Structure formats: C-alpha cells, structure tokens
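So you can see what is in the structure, the chains are spelled out below.
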Amino acid sequence: MKLPGQSRRTGNQDAPDSVDSHVPPTTTAAASAGSAAGASGAGGVRNRVRRFLQRPGTADLSRYSKLLPQIAGREDRLRELTDEELAEAAGDAVQDAEFCAVGREAARRVLGERPFDVQLIGSMAMLAGQIAEMATGEGKTLSGAIAAAGYAQAGRSVHVVAVNDYLARRDAEWMRPVYDLLGVTVGWIDQSSTPAERRSAYQAQVTYAPVSEIGFDVLRDRLAVSVDAMVATEPDVALIDEADSVLIDEARVPLVLAGTAAEGNADLAMAAIVRRLRRGAHYQIDEDARNVTLTDAGARVAEEALGDVDLYTDEHLDALTRLNVALHAHALLQRDVDYIVTGDKVRLVSESRGRVAWLQRLPDGLHAAVEAKEGLNATDTGEILDSITIESLIRGYPTVCGMTGTAVAVGEQLREFYGVEVAAITPNVPCVREDEPDRIYLTAEAKEKAIAEQVGQTHATGRPVLIGTLDVAESERLAARLEREGLPCVVLNAKNDAEEAAIIAEAGSAGAITVSTQMAGRGTDIKLGGASGDREQIADLGGLQVIGTGRHESSRLDNQLRGRAGRQGDPGGSVFFASMDDDLVTQYAPDAAPPDEADDDGLISDQGTHWMLGHAQRVAEGVNLEIHRNTWRYNKLIEEQRRIVLDHRDQVLRTDVALRTLGEHCPERLEELSETVAEDVLTEAARQITLFHLDRGWADHIADLADVREGIHLRALGRGLDPLDQFHKEAVRSFNDLFDEAQRRSDESFKSVPITKDGADLGAGDLKRPSATWTYLVQDNPFGTDIERAVRSVGRLLGRPRPS
C-alpha cells in the first residue's frame, strides 16, 4: 500500500521549528546549554506565526473526505470476493481509498461492523501521521487497526502503544480477526510476558503493548550482554491509543530500570519513631503536599528516642536521613491512594491510570520505608542502571500517529514536544448528552452526602449511574456510604482491575451503580442496557448518568469521564461535585477566599467560587506542563550522551572490537592467554569485561548527574545563574571522562580476571551484574519548579531545627 506523501515513509517530517535536535556532548558546554533553550530568533518567529495561523485541531480533513466516494464505490465489488481474494486485494492496494475499502469489508465480515465514514477518516489521518481526535464510542479501536494494517501492508513495523495491559491485550485479540483476514500478523505484550513471549510479539507486523512495557524492554535491551538476549525490534511506526494520556500525562514520569545491589533492610525503628509524631506539633507539610519537615519539637522527640543524640551533627547525618525518609513515607504516602498492600507486598498505584503498577517500585530507601511503615519485610535494595523519558522513547520512532478523544486541548504540546498535528473529526452522530454545572460544597463531608443523595434519586428511576472517583480510598469510602444507605454498588479500582471487563459490561444496565477510580483513563465504552439488556429502556430513562466526585488536575480527564455517557448519540448526563476541601483547591488555590453564599446543605452558589475552581485546575495544568518541559530539558542532553554510549556498546556487542582494543592496551596479557584459550572464548571474555565497565560507567554517570541536579538549583540561585545551563556544563564535564575511565577499568580487569578455555570468571573479578532488575516509578520534578525547589531548599536550611 502506498502511503500519502513520502514523509510518511521516512517519518514525521513536518515537525515544528521549536522541536530542536539533540546536541552532541562533544561540543562545548556553552553550546550544549544554549541549545537546550530551544529554537530562537527567526525560527521562533516562524513558529509563532504558524501557531497563530494554524490552531490545533484545524488540520484540513477535506483530502480524506474526498476519498469517501471512491471507497463507497468499491464496496459492492469487494463483497463478491472470497476471503483469500480480499487478502490479496489488501496486499495489492496502492492508495488509501483502496485499502480503506478493503479494511471496511474485512471488518464487516469478521466483526459484523461496517466502519462509518468518520472511522475511515480517522484511519486516513493516522496513515498521514496525525493524531485523530474522535469522541468516545466513535470506534477508535477499529480505526486504529485499519491504519496499523495499512502501515504493515506497506512493509512497516507497527507498535500500537496502549496505556495499560488490559487494553493492549483486549484490542489485539478483538482486532485479530481483521488482521488475519488482511494477511497481517499481530501480537501483544503485558507485564507478565516472558522474554520469549516478548520476542515473539515484537516479530509480528503489528504489536500491541503498554507504553511502559515498550520502554522497559528498550532499557533491558540496552543492558543485554548478548544479541540473543535482546527482545525488541527497531522502532518504526508508533500508533498511540489514548495519545494525550501517553504523550502528555505519562511523559511527566521517566521510566527507570534498577538492579539489585544488596539485601533490603526494613528500618522498623525509624518507622516506630515517626508513628509517634503528630502533624503540626512535630512536623509540617508544605502547601503542595510534596515536602515534610521536622519542627523543633519533633526533632527533640526523635533525638530522645534515639538515645539523646544530636541529629544535626555529621556523626548522626545517616540517622537524620533515615528519619526523614521514614517521615516522608509516613506523612506523604497514603495507603489506598499512592499504594495498596496485597499479601506481603507494597504495590504502587499509577496516578494517571488508577491501576496497580505491578513491576514498579518507589526509589530505594523510600520503598523500604513504606514497607517498614506497613510492617512488611523489606525487598532487596538496588541502584539505577538506566532511564528513558516517554518523549525520548516516542521520538525514536520515524513515524508517530495516534488517536484519542481529547487531543485538541493539548494540541500545542503535541506539536511542541512531538511534532505531530491533531485532526479533529466530527462525531458520526451529534452528542446530545446534558452536562450540568458543577456543584461545589463547603466541605468534603457535605459533598459526599450530596453525592449519595443524587445517586439515590437517580437510582430510584432505574437509570444506571457511573461514579468517577480520584483514588482508591475515596472509591471505597463512598461505596461503603452507599451500601449503608441501601444503594448496592460495584467498585472498580486498583485492587480489582482484573475484573474490569465484567464490571464495565454491566455498568449500563438498569439500576446499576458503578464506582470507579480513574474511569477517565480506562479506554472502555459503556453500552446502554449492559451486555444483554434493553438499550431503548435505558435510553428512555435518560441514559447513563455520570457523576464526578471531584475535578481532575486536567480538564481533559474531566471530559473523558463525561464522555462515558452519550456515546454514538445516546442520551446521557454528567455532573461534577467538588468541595473547598478537595486537593485541587487546597494545593493549587490555597489562598482562596471563603465563599459569600452557601445554603443549609453547604452548596455554594457564589460564582466567584466556580471561577476559583476553574482557576485552580488551570494552575494544576500549568504546573504539570512545566514538569513535562523540565523532564525533557534536563534529559535531552543525557539522551544524546546515551545514544553515543549505545552506538559504541552496540559495536562491542556485535564485533570483536573489545578484544582488539584490549589487545592493543595489554599485548602481553593477550599473548599469554592466546596460548591456552581459543580466540572465540577470548573475544567473548573481552566483550563481557568491556560491557560491564561501560554499563558501570554509565550508571555512575547518571547517579552523579542526579546528585548534581539536586543541588544545582541552590548553587545557581545563589550566583544568579541559569540552573539548566549549569546542569548541562556539569553533564558535559562528567561525560568527557566516561569512555577513558571505562577503558582503564577494562584494561585492569583483563589483566586480573581469570580467563580459561571455559571463559572468564567474572565473579572472581568482582564483575557481577545485578541478580534481578525492576522498574522505578519516579516523579522527575517532585518538588515543583526549579525556583520553587531552590527557595524551599533555602528555607529548610535557614529554618531547620537546632538542638536546644
């Protein structure tokens, strides 16, 4: 199949001027730092003009609409073909209209669904390298499958990037009949996939996988010690489902691979001490709920518990650090919000997905502190081996496209960070959902009481209700309240997300009450009447009623939750409840004035409060955008350095360059070994020694840079310098010695490690690799913006408690 425009074969060529390329770290520090600020001058002016003239979502769809008559004109002829002939027609298609016509017929035959024109427009937009915005229920999954098959028939390798395991597996299996009929192979990957299963899935023409799993496979492959151990294929086409969630929300959190360093040690003593501390009296939490500090009284309690020590001396610095980590786990990380406990394990909850992140951990020390807090045995400690940002991962694909229901709102960011445009596609049937104004209450208690009353009133009519909550704890608290009031409900949260399909299948049934965390990111449609009920009966009642228990930090997530009702022209309604106690208000509008008017139930009618809630959400969106930008600003030079290391590592992995280099540096040792050891054994021994020290050098480099970044803000602020410029200078300086030091260590190991005809005894040379690896969930900018972090650091230094 011929794709529209040569640029689709070679990648997204129409990237904006603001997306600058990486700068090789071999350039001067000043040049590296200067490039980090992005394009400027004439390029910046061109980009601003372009943004003014072309707002996100205004991509011209007429070129796709003009092809619809051609597609329709092929339908009758294609229906007469056998399955074998249809598959042959798919392979012979050279134009979009031809292939989309074949895709429509394939879907009709095997799924019993004839794609609407808007679905085919979505497919063509994706084949053109765009993000298709299609409302919930418009059939994005099938549109994406047709586009993926089109790329595959053109000889491209496609990764359909999902937000979670469930959707990756579900969509791959759901669309498999379409792919089979079109002669395209398909596979899927989830967290439980073995290396062999991953390797097999990546060999398929189309592979469905969560973005995190693709990233972690890339990280593991970067540390492979043999070509056969690698699983992933070269990136080619990334077709991203829920594109805004993956490319914007997930991009704030780098993917980090860690390896076992030592046995874990649960610090039960510190956990016991912090349990005695009380907020306000013994410690304070900042307004962002991201930092906790001891008060004078808290420090005295801790010092007495530790035997009347002086925590603020060099002698007891380790104890102070352990105490602060334990206090962070105690005060800032909430069970059933940030994590859950299953069996004897602490499992993190993905903030953006509302699901358990089974293979992810908190950074070392903090994870052990949470385990101690919960009275669990500590798991092994580790060290960071490598990391990658979502942005760097996705930008590695020559072609990026995708689909979502809410892309226009972040169209500028998609253009800025990824160089992709949004094609906003009109729904097949106009949306008739009724969205009520927010109802804002003085307190959380008044809000939850009002929600229960609303649910009771709606339930009495037989109309199904979907309640979207913000975390596990809230979902269980609200469900318990509804049960007490005689309103039985089904709960879907991180503790039972394996039951998602069954729960969602009945969420649109008469009288159903479903309470779900992060429904906005689940990517599943709720059909009126449920799996086998009467759609018309529910439609006559008004359709699905969506109730939000609070505004999200992003208006997109609010709109995604609303979109669960009113799919494909169905009736439905939505309403959000909020309170002055909500985290969105207390964290992003902490100085909000008390409302002027509220009724006896606590309902606020003051319009200024409604404006304040919207303002708090806009502030939250701005903070999250800054986190995304900072993640990229601080990581893009590191990614370029990593690319240079990987190019050299790949040579070491695939050739005999390691042995040749070591032979040049250690000729006598090579001559000695050559008398008793075969050349292929020597080649492999040299390779493993060199890879170990190269990987060790990189791990040390990124650890050093993490330390630099922690302190660079304070140093730069004190001197009136740009923290980013200073960081880049340090990164270049540190990187300049990496290869020489790795080679020096490799030379020493080659001389000392026992090497026999059976190979090198790396253990004898203390060259053991981690016995296990896992992934970290790391907030890349956990303490706010650069300036905020620096100011707070100064405040902690000036205001930290001193022994009395």
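These numbers were taken from a predicted model, which means no experiment stands behind them. (Residues numbered from 1 in each chain as written. Predicted model: local features only at pLDDT ≥ 70, side-chain atom pairs only at ≥ 80, totals over all residues. Heavy atoms only, no water.)

Structural notes on the overall build of the protein
Scanning the protein for helices and strands turns up 33 helices and 26 strands. Per-residue burial for the protein yields a buried fraction of 54% across its 804 residues. Across the protein, the fraction of contacts at a sequence separation of at least 24, relative to all contacts at a separation of at least 6, is 77%. Carbon and sulfur atoms make up 50% of the accessible area of the protein, which totals about 33,600 Å². (Helix = DSSP H or I, 4+ residues; strand = E, 2+ residues; numbered from the N terminus. Buried < 20%, exposed > 50% of the residue type's maximum accessible area, 1.4 Å probe, protein only. Contact = heavy atoms within 4.5 Å. Areas by Shrake-Rupley, 256 points an atom, 1.4 Å probe, with all protein chains shown as cover.)

Thoughts on the side chain of Arg-556
Position of Arg-556 among the secondary structure elements: in helix 25 (residues 555-562). Leave out the neighbours within four places in its chain, and Arg-556 touches Asp-244, Ser-245, Ile-248, Asp-249, Thr-406, Ala-409 and Val-410.

A look at the pattern of salt bridges
According to the stated counting rule, one finds 52 salt bridges in the structure shown. For Arg-551, the salt bridge is made with Asp-438, and the minimal N-O distance between the two is 2.2 Å. Of this pair, Arg-551 sits in the loop between strand 21 (544-548) and helix 25 while Asp-438 is found in the loop between strand 16 (434-435) and strand 17 (439-441), placing the two residues 113 residues apart along the sequence. The class for Asp-438 is buried, based on a relative accessible area of 14%. In this structure, Arg-733 engages Glu-730 in a salt bridge whose closest nitrogen and oxygen atoms are separated by 3.1 Å. Of the two residues, Arg-733 and Glu-730 both sit in helix 31 (residues 723-735), 3 residues apart, roughly one turn of that helix. It is possible to trace a salt-bridge network through shared partners that takes in Glu-75, Arg-79, Asp-83, Arg-104, Glu-105, Arg-108, Arg-109, Arg-114 and Asp-117. (Salt bridge = Lys/Arg side-chain N within 4 Å of Asp/Glu carboxyl O.)

So, unusual backbone geometry
Non-glycine residue Glu-242 carries a positive phi angle of around 50°. With respect to the helices and strands, Glu-242 occurs in the loop between strand 5 (237-241) and helix 14 (243-249). Overall, Glu-242 belongs to the buried group, its relative accessible area being 8%.

Some points on the packing of helix 8 (residues 96-111) against helix 10 (residues 140-153)
How two helices pack is summed up by the angle between their axes together with the distance between the axes. Look at helix 8 against helix 10: their axes get within 10 Å of each other, and the N-to-C directions meet at 125°. If you check the angle between helix 8 and helix 10, you find them oblique. Along this stretch, helix 8 crosses helix 10, giving a crossing that reads as right-handed. Across from Phe-99, Gly-103, Arg-104, Ala-107 and Leu-111 in helix 8, the residues of helix 10 making contact are Leu-142, Ile-146, Ala-149, Gly-150 and Gln-153. A breakdown of the residues in the contact of helix 8 with helix 10 according to their chemical character gives 6 nonpolar, 3 polar and 1 charged. (Axes fitted to C-alpha atoms, helices over the stretch in contact; angles between N-to-C directions. Parallel < 35°, antiparallel > 145°, perpendicular 65-115°, else oblique. Left-handed = near helix turned anticlockwise from the far one by under 90°. Nonpolar A, V, L, I, M, F, W, Y, C, P; charged D, E, K, R; others polar.)

A look at the sheet that holds strand 3 (residues 186-188)
Overall, parallel pairing links the 7 strands, which are arranged 3-4-2-5-14-1-15 in an open sheet. With partners counted over all chains shown, the strands left at the sheet margins are strand 3 and strand 15 (422-424), one partner each. Going from strand to strand, the sheet's axes swing by 20° on average, the running direction of each strand aside. With 5 bridges connecting them, strand 5 and strand 14 (residues 399-404) associate as parallel partners. Considered in strand 14, the bridge of Ile-240 is made with Gly-402. Helix 13 (residues 211-222) contacts strand 2 (158-162) and strand 4 (206-210) of the sheet and is inclined by roughly 100° relative to strand 4. (Pairing = 2+ DSSP bridges.)

Describing the packing of aromatic side chains
Applying the stated rule across the entire model yields 4 aromatic pairs. Seen from their ring centres, Tyr-179 and Tyr-208 are 6.2 Å apart, and the 70° between their planes marks the pair as edge-to-face. Within this pair, whereas Tyr-179 is found in helix 11 (residues 165-182), its partner Tyr-208 is found in strand 4, the two being separated by 29 residues in sequence. Accessibility expressed as a relative area gives 0% for Tyr-179, which makes it buried. (Phe/Tyr/Trp six-rings, centres within 6.5 Å; stacked < 30°, edge-to-face > 60°.)

A word on the environment of Leu-584
Inspection of the secondary structure assignment puts Leu-584 in helix 26 (residues 583-588). On the basis of relative accessibility, which here comes to 7%, the residue Leu-584 falls in the buried class. Counting along the chain gives 34 residues from Leu-584 to Gly-550, while the straight-line C-alpha distance between them is 8.4 Å. Once you skip the residues sitting within four places of it in the chain, Leu-584 turns out to touch Arg-551, His-552, Glu-553, Ala-589, Leu-613, Ala-616, Gln-617 and Ala-620.

Notes on a negative patch on the surface
A contiguous patch of negative charge on the surface is contributed by Glu-84, Glu-85, Glu-88 and Asp-92. Assignment of secondary structure puts Glu-84 in helix 7 (residues 83-92). (Patch = residues over 30% accessible without salt bridge, like charges linked within 9 Å, V, L, I, M, F, W, Y side chains within 5 Å. Lys, Arg positive; Asp, Glu negative; His and termini not counted. Charge placed at Lys NZ, Arg CZ, Asp CG, Glu CD.)

With respect to the confidence of the model for the protein
Across the protein, the average pLDDT comes to 85, with 84% of residues at 70 or higher. Scored below 50 in pLDDT, residues 13-44 makes 57 contacts in the model with residues more than four places away or belonging to other chains. The low-confidence segment residues 780-804 (pLDDT under 50) makes 53 contacts with residues lying over four places distant or belonging to another chain. (pLDDT = per-residue confidence, 0-100.)

Quick word on helix 12 (residues 195-203)
Where helix 12 is concerned, the buried positions are Arg-198, Ala-201 and Tyr-202. Projection of helix 12 onto a plane perpendicular to its axis shows the buried side chains occupying an angular sector of 95°, all on one side. With respect to the buried face of helix 12, the exposed residues turned more than 90 degrees away are Ala-196 and Gln-203. In the core, the buried residues of helix 12 are packed alongside strand 2, strand 3, strand 4 and helix 13. (Arc of directions from axis to C-beta.)

Some details on the pairing of strand 9 (residues 339-342)
Bridge count for strand 9 against strand 10 (residues 345-349) is 4 bridges, and the pairing is antiparallel. Bridge assignment links Thr-342 to a residue of strand 10, and that residue is Lys-345. The hairpin turn running from strand 9 into strand 10, its antiparallel successor, is 2 residues long, and Gly-343 in that turn takes a positive phi close to 65°.

Topic: the layout of surface pockets
A water-sized probe rolled over the atoms picks out the places where empty space is left. Considering only enclosed or pocket space, the second largest pocket measures out at about 1,200 Å³ in volume. Taken together, 50 residues make up the lining of the second largest pocket; nearest its centre are Thr-136, Gly-137, Glu-138, Asp-525 and Arg-567. Where the lining of the second largest pocket is concerned, the elements lending two or more residues are helix 10, helix 11, helix 23 (500-506) and helix 25. The residue inventory of the lining of the second largest pocket, partitioned by class, reads 19 nonpolar, 16 polar and 15 charged. (1 Å grid on protein atoms, 1.4 Å probe; cavity = no way out; pocket = protein on both sides within 12 Å on 5 of 7 lines; lining within 4 Å. Points joined across faces, edges and corners; volume = space filled by probe spheres on them.)

A short note on the pairing of strand 20 (residues 513-517)
Summarising burial for strand 20: 5 of the 5 residues are buried, a large majority. Side chains of strand 20 alternate between two faces, with Ile-513, Val-515 and Thr-517 and Thr-514 and Ser-516 buried alike. Summarising the sheet, strand 18 (residues 465-469) and strand 20 pair through 5 bridges and their orientation is parallel. Each bridged residue has a counterpart across the sheet, and for Val-465 the counterpart in strand 20 is Ile-513.

So, the side chain of Thr-683
Topologically, Thr-683 is positioned in helix 30 (residues 679-719). A relative accessible area of 13% places Thr-683 in the buried class. Every residue in contact with Thr-683, bar those within four places of it in the chain, is listed here: Asp-656 and Leu-659.

A few points about the nonpolar core
Ranked by size, the top nonpolar core spans 93 residues in total, and within it Tyr-179, Val-206, Tyr-208 and Leu-414 carry the most contacts. Dropping the residues within four chain positions of it, Leu-414 is found in contact with Ile-131, Leu-247, Ile-248, Ala-407, Gly-419, Val-420 and Val-422. In terms of nonpolar packing, the next biggest core, distinct from the first, is built from 21 residues, Leu-294, Ala-299, Val-301 and Ala-319 among them. (Core = buried A, V, L, I, M, F, W, Y, C linked by side-chain atoms within 4.5 Å.)

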